Amino acid sequence: MTNWVSINLGDALLADYQLIKLQKNLVDLYHRHGQPNSFAAYYRHESNGLHCYIRVFLTLEFQYVTKLQNTAQCEPPELNDLSFLAGNPDYLGHSC
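Residue positions are given per chain, counted from 1 along the sequence in the order it is written. In keeping with the predicted nature of the model, local features appear solely for residues at pLDDT of at least 70, side-chain atom pairs appear and are counted solely at 80 or more, and the whole-chain, interface and lining totals rest on all residues. Only hydrogens and water are set aside when side-chain values are computed; all heavy atoms of the structure are taken into account.

S.K.: Which parts of the structure should I look at to understand the overall build of the chain?
M.R.: Each helix corresponds to a stretch of at least 4 residues labelled H or I by DSSP, and each strand to a stretch of at least 2 residues labelled E; elements are numbered beginning at the N terminus. Of regular secondary structure, the chain possesses two helices and five strands. Its helices and strands in sequence order give the chain the pattern β-α-β-β-α-β-β, from N to C terminus. Its C-alpha atoms give the chain a radius of gyration of 13 Å, within 12% of the compact-globule value 12 Å for 96 residues. In terms of overall dimensions, the chain has a C-alpha envelope of 40 × 25 × 25 Å along the principal axes. For the chain, the proportion of contacts with a sequence separation of at least 24, taken over those separated by at least 6, is 71%. Under the convention used here, a 1.4 Å probe and the Shrake-Rupley method define accessible areas, while residue burial counts only the protein chains that appear. As displayed, the chain offers around 5,700 Å² of accessible surface, 51% of which is attributable to carbon and sulfur atoms. Placing the 6 positive and 9 negative side-chain charges of the chain at their respective mean positions leaves the two points 11 Å apart. The globule rule used here is 2.2 Å times the number of residues to the 0.38 power, and the radius of gyration it is set against is calculated over C-alpha atoms. Two residues qualify as a contact provided that any one of their heavy atoms is within 4.5 Å of a heavy atom in the partner residue. The convention is simple: Lys and Arg are positive, Asp and Glu are negative, and His and the chain ends are not counted. For charged residues, the charge sits on one atom: NZ in Lys, CZ in Arg, CG in Asp, CD in Glu.

S.K.: Please clarify how the nonpolar core should be interpreted in this entry.
M.R.: For soluble globular proteins, nonpolar side chains are generally found buried alongside one another. To qualify as a nonpolar core, a set must consist of buried Ala, Val, Leu, Ile, Met, Phe, Trp, Tyr and Cys residues joined through side-chain atoms within 4.5 Å. Burial status follows relative accessibility: with a 1.4 Å probe on protein chains alone, a residue under 20% of its type maximum counts as buried, one over 50% as exposed, and anything between as partly exposed. Core analysis: the biggest nonpolar cluster contains 21 residues, and Leu9, Leu26, Ile54, Val56, Leu58, Phe62 and Leu85 have the highest contact counts within it. Elements represented by at least two residues in this core include exactly strand 1 (4-11), helix 1 (16-32), strand 2 (40-47), strand 3 (52-59), helix 2 (60-66) and strand 5 (83-87). Per-element accounting of this core gives the leading share, five residues, to helix 1. When sequence neighbours within four positions are dropped, the list of residues in contact with Leu58 reads Asn3, Trp4, Val5, Leu26, Ala40, Ala41, Thr66 and Leu68.

S.K.: What should I look at first to understand helix 1 in this one?
M.R.: For the α-helix, the turn length of 3.6 residues means that residues three or four positions removed from each other point alike. Given the number of residues in a helix, its expected span is that number minus one, multiplied by 1.5 Å. Helix length check: helix 1 (17 residues) gives 24 Å between terminal C-alpha atoms against 24 Å at 1.5 Å per residue, within 8%. Of the surrounding secondary structure, the elements contacted by the buried residues of helix 1 are strand 1, strand 2, strand 3, helix 2 and strand 5. At the exit of helix 1 stands Gly34, carrying a positive phi of roughly 85°.

So, in structure tokens, the structure goes:
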């Protein structure tokens, strides 16, 4: 069992507002729960050929409080092109 979940926010050109809204919610939850070291969220622009989409990665502990719909458990995200979104910026061993 992994300790990460991911969610595809959809087309990168259309998902910016959704990403900003999600970031605000995650930051609020992070502070409300006492800034736990185990809360971390990152995102990456990914492509499947013609289309680029935004994939968000959250620690399972963060997902327990965010309760995002349509997430899937996944392996820890690779660091390539990963950007910090919210929570503990040092969770993966560095600040993105």
